[in-house]
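Inside the fold
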Amino acid sequence: MSAKIITIAQHKGGAGKTTLTAQLAAAFDQAGFKVLMVDVDPQGSLTEWHKMRSQTLGRKNKITLFQTQGWKLVRELPRIQREFDFVFIDTPPHAESESSIAIRLSDLVLMPMQPSPLDVWACAPTIKIIMQEKKPLMLVMNRLPPKSKLNDTIKDKLSGMNIHLAKTSLGNRVSFASSMLQGLGVIEFEPRGHAAEEIKALLKEIKRHKELKK
Ligand SMILES: Nc1ncnc2c1ncn2[C@@H]1O[C@H](COP(=O)(O)OP(=O)(O)O)[C@@H](O)[C@H]1O
Ligand SMILES: [Mg+2]
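Residues numbered from 1 in each chain as written. Chains lettered and ligands numbered in written order. Predicted model: local features only at pLDDT ≥ 70, side-chain atom pairs only at ≥ 80, totals over all residues.

**Digging into the overall build of the protein**
Within the protein, the secondary structure is distributed over 10 helices and 6 strands. Taken over the C-alpha trace, the protein has a radius of gyration of 16 Å; the compact-globule value for 214 residues is 17 Å, and the two agree within 12%. Across the 214 residues in the protein, those meeting the buried criterion constitute 42%. A separation threshold of at least 6 residues defines the contact pool for the protein, and within that pool the share at least 24 residues apart is 78%. (Helix = DSSP H or I, 4+ residues; strand = E, 2+ residues; numbered from the N terminus. Rg over C-alpha atoms; globule rule 2.2 N^0.38 Å. Buried ≥ 20, exposed ≤ 12 C-beta atoms within 10 Å, placed from the backbone. Contact = placed C-beta atoms within 7 Å.)

Here it is as structure tokens:
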């Protein structure tokens, strides 16, 4: 059986794409799945995380990384995906053609978004591509501050746009960044922390997604 492909896309830089990709890859790995991460962002932050991971864990690192360009992915992914259960593709900001290619290849698109009106407006081009490609989208609120009126307003706005919002949101937590400095996910770095709880809940939600059960 070939892998389920999950692309993490959002045109806005700093939304949390690379963080979400690495954190989910570590969680799916720990849950016993064979995980491939694909870095199509020339900035290579995910690749750096993977290098750190290999230094920290040595041979215990089971996550595979593949760094490439979007247009090569079309030819290369079918060949390599068969060896994996899940493929997570991290995409660059402001690169419509690169992210369109990754979106086209995916079974599900995750879009991290921070709770501000500016971020809601900025996600329109990404949503347009996902709609054009007719791909299922799950929006994940990221860096959510403790309960605020703004969060509710933004959630209302998104439900008005008929967008599937994940039940799980990620809080604004230092461990999401500090775990990555060591090439780890919060699931390994602070397994009992709130951040790990959130990632575990998101993993369950993704696994249950109807598009991945086909
Ligand atoms: N939930 C979070 N809590 C705290 N810091 C976060 C969180 N998500 C992302 N960050 C930080 O925000 C910055 C941008 O995140 P990154 O994943 O690089 O975004 P992108 O890949 O979309 O450009 C990084 O410094 C990252 O550590
Ligand atoms: Mg990034």
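**Concerning the packing of helix α1 (residues 17-30) against helix α10 (residues 194-207)**
Viewed as axis vectors pointing N to C, α1 and α10 meet at an angle of 75°, and their least axial separation amounts to 10 Å. Here α10 runs roughly perpendicular to α1, going by the angle between their axes. Within the contact between the two elements, α1 uses Q23, L24, A27 and F28 and α10 uses I199, K200 and L203. Of the residues assigned to the contact of α1 with α10, the class counts are 5 nonpolar, 1 polar and 1 charged. (Axes fitted to C-alpha atoms, helices over the stretch in contact; angles between N-to-C directions. Parallel < 35°, antiparallel > 145°, perpendicular 65-115°, else oblique. Nonpolar A, V, L, I, M, F, W, Y, C, P; charged D, E, K, R; others polar.)

**So, the environment of S159**
Among the secondary structure elements, S159 is positioned in helix α7 (residues 149-160). Since 11 C-beta atoms lie within 10 Å of it, S159 is described here as exposed. Taking the C-alpha atoms as reference, S159 lies 37 Å from I80; in sequence the two are 79 residues apart.

**Structural notes on the packing of helix α3 (residues 70-80) against helix α4 (residues 96-104)**
Look at α3 against α4: their axes get within 8 Å of each other, and the N-to-C directions meet at 20°. On the basis of their axis angle, the class for α3 and α4 is roughly parallel. Once α3 is placed against α4, the crossing between them reads as left-handed. Across from G70, W71, L73 and V74 in α3, the residues of α4 making contact are S97, E98, I101 and A102. Within the contact of α3 with α4, the residues separate by chemical class into 5 nonpolar, 2 polar and 1 charged. (Left-handed = near helix turned anticlockwise from the far one by under 90°.)

**Regarding the pairing of strand β5 (residues 108-113)**
In terms of burial, β5 is a largely internal element, 5 of the 6 residues being buried. Of the strand pairs in this sheet, β5 and strand β6 (residues 137-141) are connected by 5 bridges, and their pairing is parallel. Residue L110 lies in a different strand from β6, and its bridge partner there is M138. (Pairing = 2+ DSSP bridges.)

**Comments concerning the site of ligand 1**
Lining the immediate surroundings of ligand 1 are 16 residues, of which G16, K17, T18, T19 and A177 lie closest. Where the shell around ligand 1 is concerned, the elements lending two or more residues are α1 and α8 (174-181). The element contributing the most residues to the shell around ligand 1 is α1, with 3 residues. The residue inventory of the shell around ligand 1, partitioned by class, reads 5 nonpolar, 8 polar and 3 charged. (Near = placed C-beta within 6 Å.)

**Observations concerning the sheet that holds strand β4 (residues 86-90)**
Taken in spatial order, the 6 strands of this open sheet run β3-β2-β4-β1-β5-β6, and their pairing is parallel. Of all strands in the sheet, those with a lone pairing partner are β3 (64-67) and β6, marking the two edges. Neighbouring strand axes in the sheet, compared pairwise and without regard to direction, differ in orientation by 20° on average. Sheet topology places strand β2 (residues 35-39) next to β4; 5 bridges connect them, and they run parallel. Bridged to D39 within β4 is D90.

**Some words on the nonpolar core**
Core analysis: the biggest nonpolar cluster contains 55 residues, and A25, V35, V87, F88, M111 and V140 have the highest contact counts within it. If we ignore the near neighbours within four places in the chain, the residues touching M111 are A9, Q10, C123, T126, L137, L139 and V140. (Core = buried A, V, L, I, M, F, W, Y, C linked by C-beta atoms within 7 Å.)

**Here's the deal with α1**
Between the first and last C-alpha of α1 there are 20 Å, a value that for 14 residues agrees with the 20 Å anticipated at 1.5 Å per step. With 13 of 14 residues buried, α1 is to be regarded as a mostly interior element. Positive phi shows up at G32, right after α1, with a value of about 100°. (Expected span 1.5 Å × (residues − 1).)

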